Amino acid sequence: MTAAAPPASLGASPLARWLTHPRFAGMPAQSEDLPPPLLSFEFFPPRTEALEQQLWACIRRLEPLAPRFVSVTYGAGGSTQARTHATVARIVAETTLTPAAHLTCVGASRGEVDDVARQYWDAGIRHIVALRGDVPGGGAYEPLPDGYAYAADLVAGLKRVADFEISVAAYPEVHPTAHSPLADLDHLKRKLDAGATRAITNYFFDSPTFLRFLDLALAAGITAPIVPGIMPVSNYTQIVKFSQVSGVKVPAWLGRYFDGVEEDMETRRMIAAHIAAEQVRSLPANGIDEFHFYTLNRPDLTYAIAHILGVRPTGKQDQGALPPGPPPGT
Ligand SMILES: Cc1cc2nc3c(=O)[nH]c(=O)nc-3n(C[C@H](O)[C@H](O)[C@H](O)COP(=O)(O)OP(=O)(O)OC[C@H]3O[C@@H](n4cnc5c(N)ncnc54)[C@H](O)[C@@H]3O)c2cc1C
């Protein structure tokens, strides 16, 4: 809404700006009638003993929030095959959580990928996040003659191995090597038609981009749930690097928020919490009730955002014994 022109006597004063500039209604209050959203959390498999301890502190801190599943990534070209397996198997054995194992098909034959899937099934893993993956170290992707060429082929192959629940990846800002946004959506639809039940998106910072993507997906005939991937950011430099590879736009305002506080971790944490809280509040206001968090094995921001979203510990676990987890952004 823009108000009428102000009297000339006000010049360029703040009052004149108030009278002439657009006015924004505040975010609608969260409805008390709605149940809290469904959450899932993503971890990466640890490389060292210290990182293993960090991961498990993170898992224990987030476990009481009762996510519907937690997923564990698969390193580029299958480099973490054993560690991903060990992590999901330990989650099955030692927690109340339901794990989903990521699995990529780049650089492996169909038989090798099927074997990994069978090992997951035998370890009690029933949910796979099925991905094509990227060529380790970068470079153009070339399917192997005896491999699954794309994620859609992998989904179909996994369904032949066992009746897994399958999630796949989606890209609100378009996959960096897609021929076109429409072709990318068409390929997303193929993955879902091949047997996946949901898509989890790459992270994004501009919520309207995600909401537009939902419209485009619907127009392309996609009706499966598309779950927004939320990346709580406290390390701006790291996020700029990630985003260059994955084709995510880092808005200028994000850089301005972190400008000058590179050495000030405490302030960075507060800024990070503010950014993520704003992002997740705008999405439920638009009816979004499922979220996937890229935790980077650090629990605090994810825990805080989940709390803002109305998610509370279930009380199944002993709250007093929860470890605090490491500080983010270090
Ligand atoms: C939620 C999420 C989790 C991830 N987890 C991991 C992980 O654990 N490990 C990892 O290494 N990477 C992971 N990634 C990254 C992912 O592997 C890369 O983004 C990869 O480049 C694409 O994988 P995809 O499954 O989306 O591929 P696909 O769906 O196969 O698409 C890849 C590209 O090929 C195009 N395409 C698809 N089918 C065809 C076809 N038939 N003909 C021509 N072009 C086609 C698509 O438009 C797209 O540009 C993840 C990404 C997301 C969003």
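The residue count restarts for each chain, going from 1 along the sequence in the order it is written. At least 70 in pLDDT is required for a residue's local features to be given in this predicted model, at least 80 for side-chain atom pairs to be given and counted, and no such filter applies to totals for whole chains, interfaces and linings, which use all residues. Just so you know, side-chain values use all the structure's heavy atoms and leave hydrogens and water out.

## Regarding the site of the ligand
Then, number 1: Among the 21 residues in the neighbourhood of the ligand, the closest are listed as Tyr74, Asp134, Tyr171, Asp184 and Lys191.
Then, number 2: Within the side chain of Tyr171, one N or O atom sits 2.7 Å away from an oxygen atom of the ligand.
Then, number 3: Within the side chain of His175, one N or O atom sits 2.7 Å away from an oxygen atom of the ligand.
Then, number 4: Accessible areas in this description were obtained via Shrake-Rupley with a 1.4 Å probe; residue shielding takes into account the shown protein chains only. Coverage of the ligand by the protein amounts to 85% of the 980 Å² it exposes when considered alone.
Then, number 5: Helical segments are the DSSP runs of H or I of at least four residues, strand segments are the runs of E of at least two, and each set is numbered from the N terminus. At the level of elements, β3 (99–104), α6 (181–193) and β6 (198–203) are the ones that each hand at least two residues to the shell around the ligand. Throughout, near means a residue has at least one heavy atom within 4 Å of the molecule or strand. Think of a polar contact as two N or O atoms within 3.5 Å of one another; within protein, one of them needs to be a possible hydrogen donor and the other a possible acceptor, and neighboring residues in sequence only count if both atoms come from side chains.

## Observations regarding the side chain of Glu173
Then, number 1: With respect to the helices, strands and loops of the structure, Glu173 is situated in the loop between β5 (165–170) and α6.
Then, number 2: Within the structure, the side chain of Glu173 is placed 2.9 Å from the backbone nitrogen of Lys249, a separation counted as a polar contact.
Then, number 3: Only heavy atoms matter for contacts: two residues are in contact if any of them lie within 4.5 Å across the pair. Apart from the residues lying within four places of it in its own chain, the contact partners of Glu173 are Tyr203, Phe204, Thr209, Gly247, Val248 and Lys249.

## Some points on the pattern of salt bridges
Then, number 1: Every case where a carboxyl oxygen of Asp or Glu lies within 4 Å of a side-chain nitrogen of Lys or Arg is listed as a salt bridge. Evaluation of the coordinates by the stated rule reveals 13 salt bridges.
Then, number 2: Its salt-bridge partner being Arg60, residue Glu63 comes within 2.9 Å of it at the nearest N-O pair.
Then, number 3: Accessible area is worked out with a 1.4 Å probe on protein chains only. A residue is then buried under 20% of its type maximum, exposed over 50%, and partly exposed in between. The class of Glu63 is buried, set by a relative accessible area of 5%.
Then, number 4: Look at Arg60 and you get partly exposed, because its relative accessible area is 27%.
Then, number 5: In this structure, Asp186 and Arg190 form a salt bridge, with 3.2 Å as the shortest nitrogen-oxygen distance. Here Asp186 pairs with Arg190, and both are found in helix α6, just four residues apart, close to one helical turn.
Then, number 6: Since its relative accessible area comes to 35%, Asp186 is described here as partly exposed.

## So, the side chain of His127
Then, number 1: Along the chain, His127 falls in strand β4 (residues 127–131).
Then, number 2: A polar atom in the side chain of His127 sits 2.7 Å from the side chain of Ser167.
Then, number 3: Apart from the residues lying within four places of it in its own chain, the contact partners of His127 are Phe69, Pro99, Ala100, Ala101, Phe164, Glu165, Ile166, Ser167 and Arg198.

## Regarding the packing of helix α3 (residues 81–94) against helix α4 (residues 110–122)
Then, number 1: Lines fitted to C-alpha atoms define the axes, with helix axes restricted to the stretch in contact, and inter-axis angles between N-to-C directions lie between 0 and 180 degrees. Look at α3 against α4: their axes get within 10 Å of each other, and the N-to-C directions meet at 20°. Classified by the angle between their axes, α3 and α4 sit roughly parallel to one another. Where α3 crosses over α4, the handedness of that crossing is right-handed. Contact with α3, carried on its side by Gln81, Thr84, His85 and Val88, involves Val116, Gln119 and Tyr120 of α4 and no other residues of that element.
Then, number 2: Residue composition of the contact of α3 with α4, grouped by class: three nonpolar, four polar and no charged. Note on angle classes: values under 35 degrees are labelled roughly parallel, values over 145 roughly antiparallel, values of 65 to 115 roughly perpendicular, and the remainder oblique. In this scheme, a crossing is called left-handed if the near helix is turned counterclockwise away from the far one by less than a right angle; it is called right-handed if the turn is clockwise. Any residue outside Ala, Val, Leu, Ile, Met, Phe, Trp, Tyr, Cys, Pro, Asp, Glu, Lys and Arg is labelled polar, Gly included; the first ten of those are nonpolar and the last four are charged.

## Some words on the pairing of β5
Then, number 1: The element β5 is extensively covered by neighbouring structure, given that five of its six residues are classed as buried.
Then, number 2: Pairing analysis gives four bridges linking β4 to β5, with the strands arranged parallel. Bridged to Ile128 within β5 is Ile166.
Then, number 3: With the strands pointing away from the viewer, any crossover whose connection runs clockwise from the first strand over the helix to the second is right-handed. For the crossover from β4 across helix α5 (residues 151–161) to β5, the handedness is right-handed.
Then, number 4: Strand direction decides the pairing type here: β5 and β6, joined by four bridges, are parallel. Paired with Ala170 across the strands is Thr201, a residue of β6.
Then, number 5: Tracing the backbone out of β5, into α6 and back to the parallel element β6 gives a crossover that is right-handed. At least two bridges found by DSSP between two strands are what make those strands a pair.

## A closer look at the pairing of β4
Then, number 1: Among the five residues in β4, five count as buried, and that is most of the element.
Then, number 2: Of the two faces of β4, the one holding His127, Val129 and Leu131 and the one holding Ile128 and Ala130 are both buried throughout.
Then, number 3: Bridging between β3 and β4 involves four bridges; their strand directions are parallel. The residue bridging Thr104 from the neighbouring strand is Leu131, located in β4.
Then, number 4: With α4 bridging β3 and the parallel β4, this β-α-β connection has right-handed handedness.

Note that all results are geometric; they support no functional claim without further evidence.
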